[in-house]
Amino acid sequence: MLPTTTTKPTVNLIAKSQLARLLATENISIEHSAKAKTASFNTDTRKLILPIWDRASVDVYDMLVAHEVGHALNTPTREVYLPECERISPKNPLNFFPYLNIVEDIRVDSKMKEMYPGVRRSYFSAYKELIATDFFSLKGKDISSLTFGDRVNIYSKAGQYGHIQVAFTAEEQILVDEAMRVTTFDEVIAVAEKIYNMSRKSNTETSKQKNQANAPKAPCNGGQGSNQSGGNRSQQGQHGQTGSGQGMSSPASEQDQSDEQGEGSGAGESEESQQGEESPSDTSGESDSQSTSAQEEAPALSTDSALTKGMRSLQSNNTSEDYMYRSMPRINLDQVIFPYKRIAEDFIGYSLHPNYGGDAIFAKIVDRNKSFVLNLVKQFEQKMAADTLKRTKSGRTGKLDMRRICNYKFSDDLFLKNTTVQAGKNHGMVFIMDWSGSMGDYLLPTVEQLIALALFCRRMNIPFEVYGFTNQSPDCVLNSYRDDAEKHNEEIVAKSVKMSPDYKTKEVTYPAQYGQPKRTVTEVDFGDFLRVENIGLINFLSSKMSATEFKQSAGLFCQLAYNSDCSGTDLRNGISPASVTYGNTTGDKEADKRIEKSLYLYGLSSTPLCESAYVAIDIVNRFKSQNRLDIVNTVFLTDGEPTSSVLGCDSYSSYEKNLILNLPTRQQRSIFSKEIKTKYEKSFGQGMMELCGIVEVFKEMTGSNAIAIHLTNKRCSSQLARRYSHLIKDKMRRSPEEITSLLEKDFKNNGFFSAPDCGFTESFIIDAKTEIVEASTLFDDLKENASVAQIAKTFIKGNVKQSTSRILLARFSDLIAKKVIGT
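All values reported here derive from a predicted model rather than from experimental measurement.

Q: Any chance you could explain the side chain of Ser 763 here in plain terms?
A: With respect to the helices and strands, Ser 763 occurs in strand E18 (residues 760–767). Its relative accessible area of 1% is what places Ser 763 among the buried residues. When residues no more than four places from it in sequence are discounted, the contact partners of Ser 763 are Ala 708, Tyr 724, Phe 753, Ser 754, Ala 755 and Cys 758.

Q: So what exactly am I meant to see when it comes to a nonpolar patch on the surface here?
A: The grouping of Leu 400, Met 402 and Ile 405 at the surface amounts to a nonpolar patch, some 280 Å² of accessible area in total. With respect to the helices and strands, the residue Ile 405 is situated in the loop between strand E6 (392–400) and strand E7 (415–421).

Q: Sorry, what's going on with the sheet that holds strand E3 (residues 47–51) here?
A: The pairing of strands in a sheet comes from backbone hydrogen bonds and takes either a parallel or an antiparallel form. Within the open sheet, the three strands sit side by side as E1-E3-E2. Their pairing is mixed. At either margin of the open sheet sits one strand with a lone partner, and together these are strand E1 (29–33) and strand E2 (40–42). Averaged over neighbouring strand pairs, the angle between their axes works out to 20° when direction is ignored. Strand direction decides the pairing type here: E2 and E3, joined by three bridges, are antiparallel. The partner of Asn 42 across the bridge, within E3, is Lys 47.

Q: Please explain the sheet that holds strand E5 (residues 337–338) as it appears in this structure.
A: What the eight strands build is an open sheet, ordered E5-E12-E9-E8-E13-E16-E18-E17; its pairing is mixed. The open sheet terminates on both sides in strands that have one partner only, identified here as E5 and strand E17 (752–758). Here six bridges tie strand E8 (residues 427–434) to strand E9 (residues 464–470), and the two strands are oriented parallel to one another. Looking at the pairing, Asp 434 lines up with Phe 469 of E9. This element, helix H20 (residues 609–627), spans E5, E8, E9, strand E12 (536–542) and strand E13 (631–638) of the sheet and lies at about 155° to E13.

Q: Whenever I open this one, empty space enclosed by the protein confuses me. Can you help?
A: With a probe scaled to a water molecule rolled over the atoms, the places where space remains empty come into view. The full count for this structure, using the stated rule, is five cavities of 30 Å³ or more. Within this model, the second largest cavity holds a volume of roughly 100 Å³. Surrounding the second largest cavity, 13 residues form its lining, Met 688, Ala 708, His 710, Tyr 724 and Phe 760 being those nearest its centre. Counting only elements with at least two residues in the lining of the second largest cavity, the list comes to E13, helix H22 (686–702), strand E16 (705–712) and E18. Counted by class, the lining of the second largest cavity contains nine nonpolar, four polar and no charged residues.

Q: Which parts of the structure should I look at to understand helix H23 (residues 714–732)?
A: Three or four residues apart is the spacing at which side chains of an α-helix point the same way, because the helix has 3.6 residues per turn. Relative to the 27 Å expected for 19 residues at 1.5 Å per residue, H23 spans just 24 Å between its end C-alpha atoms, considerably shorter than the ideal helical length. At His 726, H23 is deflected by roughly 50°, the largest bend along its length. Where H23 is buried, its residues contact helix H21 (674–680), H22, E16, helix H24 (736–750), E17 and E18.

Q: How should the packing of aromatic side chains be read in this particular structure?
A: Remark: the centre distance and the inter-plane angle together describe each pair of aromatic rings, the angle taken between the planes. Tallied over the full model, the rule gives 24 aromatic pairs. Both rings, one in Tyr 123 and one in Tyr 127, keep their centres 6.4 Å apart while their planes meet at 35°; by these two values the pair is tilted. One end of the pair, Tyr 123, and the other, Tyr 127, are both in helix H5 (residues 119–132), four residues apart, so they sit about a helical turn from each other. Just as Tyr 123 is buried, Tyr 127 falls in that class too. Sitting above the plane of the Tyr 123 ring, Lys 113 keeps its charged end 5.3 Å from the centroid. Lying over the aromatic face of Phe 550, Arg 458 brings its terminal NZ or CZ to 4.5 Å of the ring centre.

The rules behind the values
Residues numbered from 1 in each chain as written. Predicted model: local features only at pLDDT ≥ 70, side-chain atom pairs only at ≥ 80, totals over all residues. Heavy atoms only, no water. Helix = DSSP H or I, 4+ residues; strand = E, 2+ residues; numbered from the N terminus. Buried < 20%, exposed > 50% of the residue type's maximum accessible area, 1.4 Å probe, protein only. Contact = heavy atoms within 4.5 Å. Patch = residues over 30% accessible without salt bridge, like charges linked within 9 Å, V, L, I, M, F, W, Y side chains within 5 Å. Areas by Shrake-Rupley, 256 points an atom, 1.4 Å probe, with all protein chains shown as cover. Salt bridge = Lys/Arg side-chain N within 4 Å of Asp/Glu carboxyl O. Pairing = 2+ DSSP bridges. Axes fitted to C-alpha atoms, helices over the stretch in contact; angles between N-to-C directions. 1 Å grid on protein atoms, 1.4 Å probe; cavity = no way out; pocket = protein on both sides within 12 Å on 5 of 7 lines; lining within 4 Å. Points joined across faces, edges and corners; volume = space filled by probe spheres on them. Nonpolar A, V, L, I, M, F, W, Y, C, P; charged D, E, K, R; others polar. Expected span 1.5 Å × (residues − 1). Bend = angle between axes of the 7 residues up to and from the residue. Phe/Tyr/Trp six-rings, centres within 6.5 Å; stacked < 30°, edge-to-face > 60°. Lys NZ or Arg CZ within 6 Å of the ring centre and 35° of its normal.

All we've got here are geometric facts, nothing functional implied.
Structure, rendered in structure tokens:
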């Protein structure tokens, strides 16, 4: 029983998993489960499942992890030791198992302490605590009166550290010393058998002494002796059922154990009935029968049972706070990405539409962003020049420079110099844009910013990709099967399964309800993998495009954005929507039909932001590999929170669930937990919490900066300022109210504010309708007869807009350059 002073420690299960992995000296998979009663190890999958000892102190937890990892590495399977248990104790193999487990624990612990001397302290402190809390139920007992096996158990776990005194006879000490020196499992079996036989011998002698003391009494006492023996056998059977609390797995399941327990008890009752049928006066025969029965088995180990009970008292009983483990599915990028060449093919002839104005919009964007691009290029080149200078080293060669030899009277710098410049890092950029319906208020301004950054990348020869994320996919199932819902669902399932080779299908039978008959349908079986479906990434722009392809794709990008834009930007002036009416566009019915379908596929959808962040892991890694890049900056542009989940519906069934993601490297990362909830609950909904967890994984697996540009308006900026103030209050060391006021002031004066390390490397909250204004066009809209006040107002307003662009530009370029030069 644990003392009232024991408090629940704050145990980081991710750290404990890493500890187990380090102790195992291999990248085994670790899972903690509140439902697990004992530790178990699958030698095929190399997965170690540990109980959650949430009532254990840190030292006890570390000792238990080390102990169980030791069993995982060194203890053979039950197929090896079960025959030995059956050989030594044929009638009840479970009776020998605790003795075998005790000696095997000695061997395992010795190996772990030898391999990792640092865990000795954990063992010492843990067993000191367990003895102090009467973990072995020794309070009020005389240690010398315990059975030999119990005393070996106590000595090996606590006595050897001096936490408790355990005495042995000279004959027993020989076996104890031999047990403490075992190194192989064969030696474990041999020593455990000796300890078992000595315990059985001692038990036999004790039974004889009791029989002799009871001999003069009435004949019925013989029956009582048999009942005592039977009672002992029952206790042994009970011990066998719980004897696997620590150490090796029990050689039988609970059902098997109960069956074996019943067989053992039945055998005892049979012997007792036979003894009862003998003549009451034949006491010698009764004594011999009892002696034979007593020699068959050693006594049960009370300390082993107490240890098992104590181990379970440390475990969590709250399965609602259990840990869910998910793996990362492989993604078939061909089923996710719309290649830019396919986009061009889908819209062949679209530029012939009488209202097509994409090229004109693109021309406007290029013209009015020249200064923006040049300034960004200038700032970036300055930072890169500083980095080049930092990487430049000069040294004297030892040879005289004959051009400087004339300066020998007043200078010592007469030698030739050798200048070397260390190679810099190649870098690229990936832009992932929200292509959802709510972006309609900011669509063209966002496209303008993206195209401006793409022009900057082309100018600097920086590899880049621009994607828009949507719910559609290249092989999207349209509503052509609306009249056949079953066939439509089958098509959707087939499409989802194509997303990953890790997804399977399953047959699910639904009972008759809600007017529907009983039916069996095919559904996607995501198994223990993250749920990535209904996601597509439209590759609008790429550095791989030629100049002509870039111009055409950018024009199409602008036109598709204009068709759904309602921002009111002046880019719309003189342009009309280029909608498609069947047979009334290009003159080619087939082309019109294809374009009409494409407009549906590339139309705005919901916000699968979590899915896009997950898929971006493979996209960025492939992008790095193809372009031989060292650094990639990934920019996510969105106006809201995710509308779907990759964790699966069960993650929402309880807000207290803890989800841990198993990475391909067998590392683990917490995606959602009570700690994450506590950190973000005043700022984000669960969808954004999930996104932050996925982005953390994205940064770890790609080494990329993850920059968020959250587009908003003046009305919503105050709400966002309040949300982010709770996340950065510790860094700024101010109250959320003070931070909110500062962020609102930044947004009012600069048109944006930023928040570092909120899942993303940095988040920029930007007024999406802030226009980029050049000094050369500042007074273009001013009337000739404008007053001085109007001129001043226009000048001040224009300078504010230019200042906003410069501040954001400087911060953004600094963030990128900082990642590139590694400062």
